[in-house]
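Structural characterization, general
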Amino acid sequence: QLKLVESGGGLVQPGGSLRLSCAASKLALDNYAISWFRQAPGKEREGVSCINNNGGRTNYAESVKGRFTMSRDNAGNTVNLQMNRLKPEDTGVYYCAATTLRWDGSTCPLLGTIFGSWGQGTQVTVSS
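Presented here is a report on the structure given in the accompanying data block. It should be emphasised that the depicted structure is a prediction, and the values quoted were computed from it without experimental measurement.

Cut-offs used in this document
- The written sequence of each chain sets the order in which its residues are numbered from 1.
- Given that the model is predicted, a residue must reach a pLDDT of at least 70 before its local features are reported, and side-chain atom pairs must reach 80 or more before they are shown or counted; all residues, however, enter totals for whole chains, interfaces and linings.
- Computation of side-chain values covers all heavy atoms of the structure but excludes hydrogens and water.
- Pairs of cysteine sulfur atoms within 2.5 Å are identified as disulfides in what follows.
- To qualify as a helix, a DSSP run of H or I must reach at least 4 residues; to qualify as a strand, a run of E must reach at least 2; elements of each kind are numbered from the N terminus.
- Aromatic pairing here means that ring centres of Phe, Tyr or Trp (its six-membered ring) are within 6.5 Å. Orientation follows from the plane angle: under 30 degrees is stacked, over 60 is edge-to-face, and everything else is tilted.
- Burial status follows relative accessibility: with a 1.4 Å probe on protein chains alone, a residue under 20% of its type maximum counts as buried, one over 50% as exposed, and anything between as partly exposed.
- Throughout, a residue-residue contact means that at least one pair of heavy atoms, one from each residue, lies within 4.5 Å.

**Some details on the state of the cysteines**
Tallied over the entire structure, the rule returns 2 disulfides. Two residues, Cys22 and Cys96, share a disulfide whose sulfurs are 2.2 Å apart. Note on the Cys22 and Cys96 pair: the S-S dihedral is about 65°, so by sign convention the disulfide is right-handed. Remark: Cys96 occurs in strand E9 (residues 92-99) and Cys22 occurs in strand E3 (residues 18-23); sequence separation between them is 74 residues.

Here's what the structure looks like:
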């Protein structure tokens with residue numbers, strides 16, 4: 001069972017930036033496609049972004065495209081989500097999730113049902 005740990009959440013003003021990280025101690029994350037989801041109070045969970053196994057290749061929700069960037073570190077131990085030009089509607093609990101499914105010639109979809117391992121979440125609040 002893969003244990004995922006998110007970090008980097010906090011309170012930031014609109015227009016500011018945060019960098020979230022998702023890490024696992026047991027297995028290198030380059031074996032997994034990794035996604036970020038978020039959920040605001042009273043709202044349905046929504047997909048934010050996804051990076052392929054051994055990626056690389058990324059997929060973003062339209063609401064964050066051009067502002068958020070996913071990346072893997074060189075060792076494959078950590079996946080990051082750089083969040084720039086944050087808006088109040090970005091507020092929510094952010095979860096990272098992992099799957100061993102692979103995609104060749106396409107990107108992992110933002111579908112929660114395909115991700116079997118989930119972190120505990122980290123709170124992101126964008127407010128003045």
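On we go.
**Concerning the packing of aromatic side chains**
Under the criterion given, the structure shown has 2 aromatic pairs. Measuring from ring centre to ring centre gives 5.1 Å for Phe37 and Trp118, while their planes differ by 50°; the resulting arrangement is tilted. Of this pair, Phe37 sits in strand E4 (residues 33-39) while Trp118 is found in strand E10 (residues 117-118), placing the two residues 81 residues apart along the sequence. Put simply, the rings of Phe37, Phe115 and Trp118 touch in pairs and so form one group of aromatic residues.

**Considering the side chain of Thr78**
Tracing the sequence through the fold places Thr78 in strand E8 (residues 78-83). Exposure remark for Thr78: the relative accessible area of 18% places this residue in the buried category. The contacts of Thr78, once residues within four sequence positions are left out, are Ser21, Cys22, Ala23, Leu29, Ser71, Arg72 and Asp73.

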